[in-house]
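One letter stands for each residue in the lines below.
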Amino acid sequence: LLSQQYLQQQQQHRIQLAAASNADDYDDDDNYLKKVPDEEGDVSIPFIDVSGTSFIECYADCLAMVGGTEYTIGVPCDYAVALCYYDGDDLLPIELDDPEMDDVYPMAENIVAEEFGEELVLQRTAQTLTIVGDLEDEDDDEEDLDDDEEEDDGDTDDE
């Protein structure tokens, strides 16, 4: 995957661009940040890591030009998650390239599989872990059904 230094550089570029503008779009001679129109942002794009061995499906959010290089800033199509641990009072994520992830990830994957079966799947995608599936709370679904039934009960034909 991308080196930590490269990721930090990209984060610094995004911060510089965001700090330079309070608007959705920013533009100068060498750099710009432009929001992708909503109708174009609904198409998923595979963001491939530099080695070409891993990817993550994302929706394009913004286009950025930094120092003559154009970038697409994307939002994962699936839910991004992190495996974390406490160091004193601090909650810290386990980085994907940390050897500890190799030990912790299979356990987390099994827990998700046991708890949710095929409804949710933990994936080790490029740049972040993702949960694939519908995270809607079953209680919300039941409440929606109850609301629908109440509405149906209230509908009477006056004929």
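The structure we're discussing is the one just above.
None of the values given here were measured: they were computed from a predicted structure.

**Student:** What is the right way to look at the sheet that holds strand β10 (residues 129–133) in this model?
**Tutor:** What links the strands of a sheet is backbone hydrogen bonding, and the strands pair in either a parallel or an antiparallel sense. The antiparallel open sheet is built from three strands, whose spatial order is β6-β10-β9. The open sheet is flanked by β6 (79–81) and β9 (120–124), the only strands paired with a single partner. With strand direction ignored, the average angle separating the axes of adjacent strands in the sheet is 35°. Bridge count between β9 and β10: five bridges; the pairing is antiparallel.

**Student:** So what exactly am I meant to see when it comes to the packing of aromatic side chains here?
**Tutor:** Any pair of aromatic rings gets described here by the distance separating the centres and the angle formed by the planes. What the rule picks out here adds up to zero aromatic pairs. The ring of Tyr32 is capped by Lys34, whose NZ or CZ atom sits 4.8 Å from the centre of that ring. Above the plane of the ring of Tyr105 lies Arg124, whose end atom (NZ or CZ) is 5.6 Å from the centre.

**Student:** So what exactly am I meant to see when it comes to the side chain of Ser54 here?
**Tutor:** By the element assignment, Ser54 lies in the loop between β3 (44–48) and β4 (55–66). Here the side chain of Ser54 touches Ala126 through a polar contact of 3.4 Å, landing on its backbone nitrogen.

**Student:** Help me understand the pattern of salt bridges in this model?
**Tutor:** Two side chains bearing opposite charge may form a pair once their charged atoms approach each other closely. In the structure shown here, the tally under the stated rule is two salt bridges. Its salt-bridge partner being Lys35, residue Asp61 comes within 2.5 Å of it at the nearest N-O pair. Placement of the pair is Asp61 in strand β4 and Lys35 in strand β2 (residues 32–35), with a sequence separation of 26 residues. Residue classification places Asp61 among the partly exposed residues on the basis of a relative accessible area of 26%.

The rules behind the values
Residues numbered from 1 in each chain as written. Predicted model: local features only at pLDDT ≥ 70, side-chain atom pairs only at ≥ 80, totals over all residues. Heavy atoms only, no water. Pairing = 2+ DSSP bridges. Helix = DSSP H or I, 4+ residues; strand = E, 2+ residues; numbered from the N terminus. Axes fitted to C-alpha atoms, helices over the stretch in contact; angles between N-to-C directions. Phe/Tyr/Trp six-rings, centres within 6.5 Å; stacked < 30°, edge-to-face > 60°. Lys NZ or Arg CZ within 6 Å of the ring centre and 35° of its normal. Polar contact = N/O pair within 3.5 Å; in protein donor to acceptor, adjacent residues only side chain to side chain. Salt bridge = Lys/Arg side-chain N within 4 Å of Asp/Glu carboxyl O. Buried < 20%, exposed > 50% of the residue type's maximum accessible area, 1.4 Å probe, protein only.

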